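# Structural overview
The lines below spell out each chain.
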Amino acid sequence: MFEHVTAASPDPILGLSEAFGRDERPSKINLAVGVFKDAAGQTPVLDAVRTAETRLLAEETTKSYMPIGGDPAFGRAARELLLGADHPALAAGRVVTFQTPGGTGGLRVAGDYLKQNHSGKTLWVSDPTWANHHGIFAAAGVAVKPYPYLDPQTNSLNLDAMLGAAQGMREGDIWLLHGCCHNPTGIDPTAEQWTQIAAAAQAYGVLPLIDFAYQGFGAGLTEDAAGLRAVLDVNPEALVCASFSKNFGLYRERVGAFHVVAKDTDTAAVVGSQVKACVRRNYSNPPAHGGAVVTTILGNTALRTQWEAELTAMRDRINGMRTALQAGLDERGVRLTPEGNGFITRQNGMFTMSGLTKPQVQALKQDHAIYIVGSGRINVAGVTPDNLPVLCDAIAAVTGG
Ligand SMILES: Cc1ncc(COP(=O)(O)O)c(C=O)c1O
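Quick summary incoming for the structure in this document. Just so you know, these numbers come straight off a predicted model, no measurement behind them. (Residues numbered from 1 in each chain as written. Predicted model: local features only at pLDDT ≥ 70, side-chain atom pairs only at ≥ 80, totals over all residues.)

### Observations concerning the pairing of strand β8 (residues 207-212)
We apply this condition: Buried means a residue has 20 or more other C-beta atoms within 10 Å of its own C-beta, exposed means 12 or fewer, and partly exposed covers the counts in between; C-beta atoms are placed from the backbone. Working definition: helices are DSSP H or I runs of at least four residues, strands are E runs of at least two. Numbering for both runs from the N terminus. In this analysis, strands are considered paired if DSSP registers two or more bridges between them. Note on handedness: a crossover is taken as right-handed if, strands pointing away from the viewer, the path from the first strand over the helix to the second is clockwise.
The element β8 is largely enclosed, with a buried count of 6 among its 6 residues. Burial of β8 is two-sided: the residues Leu207, Leu209 and Asp211 facing one way and the residues Pro208, Ile210 and Phe212 facing the other way are all buried. Relative to β8, strand β7 (residues 174-178) runs parallel, the two being bridged by 5 bridges. If you follow His178 over to β8, its bridge partner there is Asp211. Crossover handedness for the path β7 to helix α8 (residues 191-204) to β8: right-handed.

Right, here's the structure in full:
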């Protein structure tokens, strides 16, 4: 029965982590997989999460099914975190929210919804983008095309090329934008650039689909949502897939939110009914625990304050490592682009597109037991004060710096 089945190629990033696990060199460093690590190299359970979990355990009364869209209280909390409690779209009832199994679950629901209700339209993704975008939308049967994003000469945003490509999108196409902390490049548009992107979406009649997996990892909870809110200021309709994996450290609990923003309440209800049908046929209803943790924290002033402080500490640690990495490379005479290493501190979030070539990435792994993704993406959140000198020495060795 299974003789015709051939092995699937391993996931490039998880495959690297498996190879890392087998590597016996004590100095090995894993900067491939996208998880936050503290200065000791651990991915901790946040204190606010632990407290919320203790309360939930004591207060939980049932394990019965969740509603298809998840807990309405979660939906409210997620919308308010996304847009701010006083956003007019919330008062107008134009936003419908689905609690999803992580950001990935939300993206797959979005893919199913688009395939069934926006047939013949193309979804445009940045080049490069998070590799799983391609896999998720291919699995849903949505046609995907790339738009330019990265200027490899300077490791910054090529806005002219991006807007030029937008001009070639057809009305009703879908434009996938990373709300902040672009994965894999770490390059985000400036406020002025977001205004131009928002205007282009409106002018060309394309539907923004915003992937928002790192709120709070860039500059702050409100600051990181500014681009997304600018898009919604001029585009009354959009889709948003948010993840709470990183900012609450809830990776394995699978918690995310899929928001439909429509021009009015009736449209939101109609689109919401189609999304509901997609969820029912997929996972039926979402896992409860992670969402309940998020709702508990966001709904309690003391826990929310504690969570925001923990989130700030994670962000500050990453940004501190960016500064230290840039300085460490400068000190060793390494120049990762013709313009130097300044891009490392200009980029946001967990990742930096280092500009390291495939052979250099290979040499880092083979000769120095340092694992980064083949594209040259480094997870800065995996750099610690202890492994930083080893990393800088190894990059200097492979670049001849
Ligand atoms: C850009 C982007 N979108 C979505 C996700 C999915 O997150 P989750 O783990 O919540 O499924 C990730 C995770 O790495 C991501 O980087």
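### Some points on α8
Definition in use: What a helix should span is 1.5 Å times the count of its residues minus one. Working note: the arc is built from the helix axis to C-beta atom directions. Two residues qualify as being in contact provided that their C-beta atoms, derived from the backbone, are within 7 Å of each other.
Here α8 contains 14 residues, and its C-alpha end-to-end distance of 20 Å stays within 8% of the 20 Å for a straight helix at 1.5 Å per residue. For α8, every residue scored as buried is listed here: Trp194, Ile197, Ala198, Ala200 and Ala201. Here the buried residues of α8 occupy an arc of 160 degrees about the axis, which is enough to place them on one side. Opposite the buried face of α8, at more than 90 degrees from it, the exposed residues are Glu192 and Ala203. Tucked inside the fold, the buried residues of α8 contact α7 (159-167), β7, β8 and α10 (226-234). Residue Gly205 follows α8 closely and has a positive phi angle near 65 degrees.

### Let's talk about the packing of helix α2 (residues 47-59) against helix α12 (residues 289-298)
Stated formally: Note on definitions: angles span 0 to 180 degrees between N-to-C directions of axes, and those axes are lines fitted to C-alpha atoms, for helices only across the stretch in contact. When an angle is under 35 degrees it counts as roughly parallel; over 145 it counts as roughly antiparallel; between 65 and 115 it counts as roughly perpendicular; any other value is oblique.
It is at 9 Å that the axes of α2 and α12 come closest, and there the two elements cross at 105 degrees. In terms of orientation, α2 lies roughly perpendicular with respect to α12. For the pair formed by α2 and α12, the contact residues are Ala48, Val49, Ala52, Glu53, Arg55 and Leu56 on the first element and Ala292, Val293, Thr296 and Ile297 on the second.

### Observations regarding the environment of Ile378
Tracing the backbone shows Ile378 in strand β13 (residues 377-379). Overall, the presence of 27 C-beta atoms within 10 Å leaves Ile378 in the buried class. C-alpha of Ile378 to C-alpha of Phe351: the two residues are 27 residues apart in sequence and 5.6 Å apart in space. When near neighbours in sequence (up to four residues on either side) are disregarded, Ile378 contacts Leu31, Phe351, Thr352, Ser354 and Ile372.

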